[in-house]
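Structural characterization, general
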Amino acid sequence: MCTENVLVMEWIEGSKLTSLSEEVDQNEVKENLSLIKQALYCTLSQLLEFGCMHADPHGGNLLKVTSSTSSSSTLAYLDFGILATIPSTVRDGLVCAVAQLVFAKDVEAVASLFGELDLLESEV
């Protein structure tokens, strides 16, 4: 584990999800899109379910790792240097905000909720 004085690192061999071979292979595109979808689910799960998330999940921090024993690929997150902790009140508020937008299309209610959670300044 990492501490203030020790940083543990491991090399992970893989390719960026945004990288495609020179000849675009539709199977490769489909596989990469599937892994991007998995990354979205993982990030939302980290945010809403656990309240602790990788705070920098961009294309350079997500790798497609191809197994040496099978033809399938898995997703790898890199660089956990920035983590965010989200309080349960904010997580619950985000779920309520999405519900307000999806079901009621009430932008004012979402803005009000974000103000209550101190996610927006009151002047906005």
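Scroll up to find the structure this text is about.
Only a predicted model underlies this, so the values are computations on that prediction, with no experimental measurement involved. (Residues numbered from 1 in each chain as written. Predicted model: local features only at pLDDT ≥ 70, side-chain atom pairs only at ≥ 80, totals over all residues. Heavy atoms only, no water.)

**Things to note about the overall build of the protein**
Where we set the bar: Elements are defined by DSSP. Helices are runs of H or I of four residues or more, strands are runs of E of two residues or more, and each kind is numbered from the N terminus. The globule rule used for comparison is 2.2 Å times the number of residues to the exponent 0.38, while the radius of gyration itself is calculated over C-alpha atoms. Contacts: residue pairs with any heavy atoms within 4.5 Å of one another. Only the protein chains shown count as cover for residues, with accessible areas throughout obtained via the Shrake-Rupley method and a probe of 1.4 Å. Charged residues are defined here as Lys and Arg on the positive side and Asp and Glu on the negative side; His and the ends of the chain fall outside this count. To locate a charge, take NZ of a lysine, CZ of an arginine, CG of an aspartate or CD of a glutamate.
A tally of helices and strands in the protein yields three helices and five strands. Moving toward the C terminus, one meets the helices and strands of the protein in the order β-α-β-β-β-β-α-α. For 124 residues, the compact-globule estimate of 2.2 N^0.38 gives 14 Å, and the C-alpha radius of gyration of the protein, at 19 Å, exceeds that figure by more than 25%. Considering only C-alpha atoms, the protein reaches an extent of 50 × 45 × 25 Å along its principal axes. Put simply, of all contacts in the protein between residues at least 6 apart along the chain, 55% involve residues at least 24 apart. Of the roughly 9300 Å² of accessible surface on the protein, 59% is carried by carbon and sulfur atoms. The averaged location of the 18 negative side-chain charges in the protein is 11 Å from the averaged location of its 6 positive side-chain charges.

**A short note on the pattern of salt bridges**
This is how it is decided: Should a side-chain nitrogen of Lys or Arg be within 4 Å of a carboxyl oxygen of Asp or Glu, the pair is scored as a salt bridge. Residue burial is assigned from relative accessible area. The probe radius is 1.4 Å, only protein chains are included, and a residue is buried under 20% of its type maximum, exposed over 50%, and partly exposed in between.
Counted under the stated rule, the structure contains one salt bridge. We note a salt bridge from Lys-64 to Glu-31, for which the minimum N-O separation is 3.4 Å. Highlighted residues: Lys-64 in strand 3 (residues 62-66) and Glu-31 in helix 1 (residues 26-50), separated in sequence by 33 residues. Given the relative accessible area of 26%, Glu-31 is considered partly exposed.

**Points about helix 2 (residues 88-104)**
Counted only if it meets this: Helix span, as expected, comes to 1.5 Å for every residue beyond the first. Here the arc refers to the set of directions running from the helix axis out to each C-beta atom.
For helix 2, with 17 residues, the first-to-last C-alpha span of 23 Å sits near the 24 Å given by 1.5 Å per residue. Looking only at helix 2, the buried set comprises Val-90, Arg-91, Gly-93 and Ala-97. Angularly, the buried residues of helix 2 cover 160 degrees about the axis, an arc narrow enough to put them on a single face. In this structure, helix 2 carries Asp-92 and Phe-103 as exposed residues pointing more than 90 degrees from its buried face. On its buried side, helix 2 packs onto helix 1 and helix 3 (107-116).

**Concerning helix 3**
One full turn of an α-helix is made of 3.6 residues, so residues set three or four places apart face in the same direction. Worth spelling out the cut-off: What qualifies as a polar contact is a pair of N or O atoms within 3.5 Å, subject to a donor-acceptor requirement within protein and to the restriction that residues adjacent in sequence count only when both atoms come from side chains.
With a side-chain oxygen lying 3.3 Å from the backbone nitrogen of Glu-108, the N-terminal cap of helix 3 falls on Asp-106. Immediately downstream of helix 3, the backbone of Asp-118 shows phi near 60 degrees, a positive value.

**As for the sheet that holds strand 4 (residues 73-77)**
What counts, and what does not: Strand pairing follows a simple DSSP-based rule, namely that at least 2 bridges must link the two strands.
Spatially, three strands are ordered 1-3-4 in an open sheet, and the strand pairing comes out antiparallel. Unpaired on one side and paired on the other, strand 1 (15-16) and strand 4 mark the two borders of the sheet. Bridge count for strand 3 against strand 4 is five bridges, and the pairing is antiparallel. Across the sheet, the residue bridging to Thr-66 is Ser-73, located in strand 4.

**Side note on the pairing of strand 4**
A large share of strand 4 lies buried, amounting to four of its five residues. Adjacent in sequence and paired antiparallel, strand 3 and strand 4 are bridged by six residues.

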